[in-house]
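# Analysis of the macromolecular model
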2 protein chains.
Amino acid sequence: MSSSVSPLAPKSVPDMPVIAGIRLATAEAGIRYKNRTDVLLAVMDKGTAVAGVFTKSKCPSAPVEWCRAKLKGGKARALVVNSGNANAFTGKTGRASTALTAKIAAKAVGCSESEIFLASTGVIGEPLDATKFDGVLGRLAEAAEPGDYLNAAKAIMTTDTFPKVATATVKLGKARVTINGMAKGAGMIAPDMATMLSFVFTDAPIAPAALQALLKAGVEDTFNAVTIDGDTSTSDTLLAFATGAAAEHGAPKISRASDPRLKAFVKAFNQVLANLSEQVARDGEGARKLVEITVEGAKTKASARKIAMSIANSPLVKTAIAGEDANWGRVVMAVGKAGEPADRDRLSISFNGIRVARSGARDPDYDEAQVSEAMKAPEIAIKVSLGLGKGRDRVLTCDLTKEYVAINGDYRS
Amino acid sequence: MSSSVSPLAPKSVPDMPVIAGIRLATAEAGIRYKNRTDVLLAVMDKGTAVAGVFTKSKCPSAPVEWCRAKLKGGKARALVVNSGNANAFTGKTGRASTALTAKIAAKAVGCSESEIFLASTGVIGEPLDATKFDGVLGRLAEAAEPGDYLNAAKAIMTTDTFPKVATATVKLGKARVTINGMAKGAGMIAPDMATMLSFVFTDAPIAPAALQALLKAGVEDTFNAVTIDGDTSTSDTLLAFATGAAAEHGAPKISRASDPRLKAFVKAFNQVLANLSEQVARDGEGARKLVEITVEGAKTKASARKIAMSIANSPLVKTAIAGEDANWGRVVMAVGKAGEPADRDRLSISFNGIRVARSGARDPDYDEAQVSEAMKAPEIAIKVSLGLGKGRDRVLTCDLTKEYVAINGDYRS
């Protein structure tokens, strides 16, 4: 594991405001890591709505199965997250472990087990000893304070090189409401759904069904548009919690996602998701370049997405970017292998605004020196114009470096 | 580019017999490389049948388009292959270049342009100056001899670290017929079709349609079951040529692929394809391990193939193998992301015959030291049993090393 912070990390961390109805606490449970926090407990006030989207893996982790089942109730009182062990592919032991964790948490918080949400991240296939939570969660429930989101984000890290938080404040009706989010994830990152663990908290009074609809729509162009290595985790979890505390200050209670009063909120909510998902790409394992791939002129948005993902997941494109080589031939290759409608002779490709190919051949004005200089930037924008239709999409990824191989060739042992 | 031979290269090179009706010659045309041969001319006797399968890329190279069009005639008199420049994504220039090359070759050999087959491999997007073939092909046509397949295989290499040839001799009717094949390919290797350039020659008298059917069936479990990096070239070409010269020694003329007299021939033909495609995996860029992935107990063979390819293309599985880590959790991840039917709790996984997981959890007899020792082998067999049906498939790949990143991060410049 790399100990140095990604060169693509945000230059500053936002101040994270308190959200009424949410209290946080972290601890060192010694599940895998030493001398760092590895358990987060978030305690929510009664009446908190919950929504979630999860990995589409056919082999999901035990906590994912737990959350999916409990989501039907729509209410949450606590979230327990541990890092270091994903409790995935642990068979009956895994299910027993989630049940025991929920039981301990429910007792600590004083609620029903069905109001407990769980997420685990780390190594797959190792049994998770939930008895380690006994005592710890009780102490955390007592210690929990309206609070320190940055420390919470630190407690859920695995190979992440920096904690990921984002916040927004926005008007809902005449009241100000706040949205705080955190995420972890650096590898095994790909749709669908995508990616990692992320938790978003708000004091807005939004009913569970409306919150679920917002979340589902919001991930499409944020977390679902990020890929590090094309590998989809068995544990990907994004949960949103709405305490409703802002109703005391006059925020209207929202029961439908289509409510026009939500407009500004939805925008801010999606910005928090976009901010967090971009931070995940910025912390891609071994990443030295943040890569934005825009495909336009496709038959449809879905077609553009598929082509953009084909480019974003191509090892040859990613290694070329690591080598600061504007190798547009490999971009053509990735367009071609996507299987979507494309006409070689209409393709145009640019790197950081410099067109290198047009109408199916090298741009006549191509200047190797100019392009080489542009490729030294830490952020690379690749734009592909297909010239077929109006479909457009954008995804984020990072380059593929020797450091990625080093991190993942020596992760478990 | 690496100059050292892959540690996975075959220990010996077979003696390649002469095939009546085929003559070969190579030259240094200086297209890209210095001090090495980079052009191959194969001249076939009149009446030679031809068949071909090509990349499924939506952006195929100009030579691929040329061959597809000429295949309709079913007859070949010459094959021209150049390495160093793929003549792909070169627009109208590319089409003009293939036409000019065919014209020069037709004149040199004394045949119709529609009997000329072309293949180019190397950098994409650079115009190929076909005038370099002027003179060269005439000299090659004169110098061509029944021959040196190993030197021919050397002339078509790019990042390959060793030339790839295979041969088989088999009875067709009462006559002995020979099958010789060569291949190149080390990166940008993935179905479908797959992979690279490969040419197979035989003196068996097989009609074009029958040869095409044999080839199409033969690639399915050979070239189409190999992946290096999941990236599909725009130039993948596999051509088969049957001179029919063995008819003079009593080999029966075959007009249908289903002819029962072909049984032994088909087996030998497929063995040559399997041998060549395995050599491609053994020469995967930066490869230190040959990896065979077998999936059994899937719903169907197609489902098994999709799961096996998901494992074979997973950067996390491939880096774990590079790190000699039997990280079966990542195999579960790759099974899960394939999207095919799978039941986590029925999964069993073994590495080199040692079962590490069964019934959805770590094998109770799992011995880390024993598994670690087994992972040091240069050939790793991963077997996944799904326990759902009778679908079974096998694919070949290699590990993902820092060397792969080094080779591809500094290829073009």
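Residues numbered from 1 in each chain as written. Chains lettered and ligands numbered in written order. Predicted model: local features only at pLDDT ≥ 70, side-chain atom pairs only at ≥ 80, totals over all residues. Heavy atoms only, no water.

Going by an unreviewed UniProt entry, chain A carries the name Arginine biosynthesis bifunctional protein ArgJ and comes from Bradyrhizobium symbiodeficiens. Under the heading Subcellular location (unreviewed entry), UniProt records this for chain A: "Cytoplasm". A UniProt comment under Subunit (unreviewed entry) is attached to chain A, and it reads "Heterotetramer of two alpha and two beta chains." (UniProt positions renumbered as here; feature names shortened; annotations may be inferred.)

### Examining the overall build of chain A
For chain A, the helix and strand inventory stands at 11 helices and 15 strands. A globule of 413 residues ought to have a C-alpha radius of gyration of about 22 Å, and chain A, at 22 Å, matches this closely. Principal axes of the C-alpha set define a box for chain A whose edges measure 70 × 55 × 35 Å. For chain A, the residues scored as buried account for 63% of the 413 residues in total. Sequence-distant contacts in chain A: of pairs separated by 6 or more residues, those separated by 24 or more amount to 80%. (Helix = DSSP H or I, 4+ residues; strand = E, 2+ residues; numbered from the N terminus. Rg over C-alpha atoms; globule rule 2.2 N^0.38 Å. Buried < 20%, exposed > 50% of the residue type's maximum accessible area, 1.4 Å probe, protein only. Contact = heavy atoms within 4.5 Å.)

### Some details on the relation of the copies chain A and chain B
Under the fitted operation, chain A is carried onto chain B by 0.0 Å of movement along the axis and a turn of 180°, and the coordinates agree to an RMSD of 0.0 Å. One copy is carried onto the other by what is essentially a two-fold rotation axis. Ranked by how close their C-alpha atoms come to the rotation axis, the residues of chain A are headed by Lys-402 of chain A, at 2.4 Å. Comparing interface residues between copies, 100% of those in chain A also lie at the interface in chain B; the contact surface is shared. (Least-squares fit on C-alpha atoms with pLDDT ≥ 70 in both.)

### Quick word on the environment of Ser-83 of chain A
Residue and element names in this part refer to chain A. Tracing the backbone shows Ser-83 in strand E4 (residues 78–85). When the C-alpha atoms of Ser-83 and Ala-304 are compared, they prove to be 35 Å apart, with 221 residues separating the residues in sequence. Once residues lying within four places of it in the same chain are set aside, the contact partners of Ser-83 are Ile-31, Tyr-33, Arg-36, Thr-37, Asp-38, Thr-121, Ala-155, Ile-156, Met-157 and Thr-158.

### A short note on the interface of chain A and chain B
Where interface size is quoted, it is often the accessible area lost as the parts come together. At the junction of the two partners, chain A supplies 63 residues and chain B supplies 63 residues. At the junction of chain A with chain B, the criterion picks out six salt bridges. Residues Arg-344 of chain A and Glu-65 of chain B are paired through a salt bridge, measuring 3.3 Å at the closest nitrogen-oxygen approach. In this assembly, chain A and chain B are joined by 14 residue pairs in polar contact (both at pLDDT 80 or more). At the level of secondary structure, the elements contributing two or more residues to the side of chain A that touches chain B comprise helix H1 (62–70), helix H2 (91–109), helix H8 (315–322), helix H9 (328–337), strand E13 (361–362) and helix H11 (402–409) of chain A. A total of eight residues in the side of chain A that touches chain B trace back to one element, the largest contributor, which is H9 of chain A. Residues belonging to the side of chain A that touches chain B are distributed by class as follows: 25 nonpolar, 21 polar and 17 charged. (Salt bridge = Lys/Arg side-chain N within 4 Å of Asp/Glu carboxyl O. Polar contact = N/O pair within 3.5 Å; in protein donor to acceptor, adjacent residues only side chain to side chain. Nonpolar A, V, L, I, M, F, W, Y, C, P; charged D, E, K, R; others polar.)

### With respect to the sheet that holds strand E15 (residues 391–398) of chain B
All names here are of chain B. Pairing within the open sheet is mixed, and its six strands lie in the order E13-E12-E11-E14-E10-E15. Looking at which strands have only one partner, the edges of the open sheet turn out to be strand E13 (361–362) and E15. With seven bridges joining them, strand E10 (residues 290–298) and strand E14 (residues 379–385) adopt parallel strand pairing. Following the sheet pairing, Thr-294 is matched in E14 by Lys-383. Along the sheet, helix H9 (residues 328–337) contacts strand E11 (348–351), strand E12 (354–358), E13 and E14; its crossing angle with E11, the most-contacted strand, is approximately 130°. (Pairing = 2+ DSSP bridges. Axes fitted to C-alpha atoms, helices over the stretch in contact; angles between N-to-C directions.)

### Observations regarding the packing of aromatic side chains
Scanning the model with the defined rule gives 10 aromatic pairs over all chains in all. Ring centres 5.4 Å apart and planes at 15° place the aromatic pair Phe-201 of chain B and Phe-241 of chain B in the stacked group. Taken together, the positions of Phe-201 of chain B in strand E8 (residues 197–202) and Phe-241 of chain B in strand E9 (residues 237–242) put the pair 40 residues apart, joining distant regions of the chain. Side by side, Phe-201 of chain B and Phe-241 of chain B carry an identical accessibility label, which is buried. Among the aromatic residues, those joined into a ring-pair cluster are Phe-117, Tyr-149, Phe-201 and Phe-241 of chain A. It is Lys-70 of chain A that lies over the ring of Trp-66 of chain A; its NZ or CZ is 4.4 Å from the centre. Geometry around Phe-162 of chain B places Lys-164 of chain B over its ring, the cationic atom sitting 4.5 Å from the centre. (Phe/Tyr/Trp six-rings, centres within 6.5 Å; stacked < 30°, edge-to-face > 60°. Lys NZ or Arg CZ within 6 Å of the ring centre and 35° of its normal.)

### Section: the pattern of salt bridges
Under the counting rule described, the total for this entry stands at 42 salt bridges over all chains. Asp-345 of chain B is the salt-bridge partner of Arg-344 of chain B, the closest N and O atoms lying 3.2 Å from each other. Its relative accessible area of 25% is what places Asp-345 of chain B among the partly exposed residues. Salt bridges linked by common partners bring Glu-220, Asp-221, Lys-301, Arg-305 and Asp-393 of chain A together as one network.

### Regarding the packing of helix H7 (residues 301–312) of chain A against H9 of chain A
All names here are of chain A. Put simply, H7 and H9 touch, their axes get as near as 8 Å, and they point 130° apart. Between H7 and H9, the angle falls in the class oblique. Crossing of H7 against H9: the hand is right-handed. Where H7 abuts H9, its residues Ile-307, Ser-310 and Ile-311 lie against Val-331, Ala-334, Val-335 and Lys-337. For the contact of H7 with H9, a count of residues per class yields five nonpolar, one polar and one charged. (Parallel < 35°, antiparallel > 145°, perpendicular 65-115°, else oblique. Left-handed = near helix turned anticlockwise from the far one by under 90°.)

### So, the sheet that holds strand E5 (residues 116–123) of chain A
Paired through their backbone hydrogen bonds, the strands of a sheet run either parallel or antiparallel. Residue and element names in this part refer to chain A. Spatially, the four strands line up as an open sheet ordered E1-E2-E4-E5, and their pairing is mixed. Only two strands of the sheet have a single partner each, and these edge strands are strand E1 (22–27) and E5. The average undirected angle you get between the axes of adjacent strands in this sheet is 10°. Where E4 meets E5, eight bridges bridge the pair, whose relative direction is parallel. Paired with Asn-85 across the bridge in E5 is Val-123.

### Regarding the environment of Pro-7 of chain B
All names here are of chain B. By the element assignment, Pro-7 lies in the segment before strand E1 (22–27). Since its relative accessible area comes to 41%, Pro-7 is described here as partly exposed. Along the backbone, Pro-7 and Lys-70 are 63 residues apart, and their C-alpha atoms lie at a distance of 39 Å.

### Remarks on the domain arrangement of chain A
Residues and elements named next belong to chain A. Assigned domains of chain A: these are domain 1 (22–282) and domain 2 (290–409). The gap between the C-alpha centroids of domain 1 and domain 2 is 33 Å. Contacts between domain 1 and domain 2 engage 13 residues on the former and 15 residues on the latter. Of the roughly 1,200 Å² buried between domain 1 and domain 2, counting both surfaces, carbon and sulfur atoms make up 52%. In terms of surface lost to domain 2, no three residues of domain 1 exceed Ala-225, Thr-227 and Ile-228, which account for 37% of the buried area on that side. At the junction of domain 1 and domain 2, the tally comes to four salt bridges. Put simply, Asp-221 and Arg-305 hold a salt bridge, and the shortest N to O gap is 2.9 Å. (Domains from an automatic or database assignment. Buried area = accessible area lost by both parts, 1.4 Å probe.)

### Points about helix H1 (residues 62–70) of chain B
By the burial criterion, the buried members of H1 of chain B are Ala-62, Pro-63, Val-64, Trp-66 and Cys-67 of chain B. Against the buried residues of H1 of chain B lie strand E3 (49–54), helix H2 (91–109), strand E5 (116–123) and E9 of chain B.

### What about the pairing of strand E6 (residues 164–172) of chain A?
All names here are of chain A. Relative to strand E7 (residues 175–184), E6 runs antiparallel, the two being bridged by nine bridges. Looking across to E7, one finds that Ala-166 is bridged to Gly-181. Linking E6 back to E7 in an antiparallel pair, the connection comprises two residues, with Gly-173 at a positive phi of about 65°.

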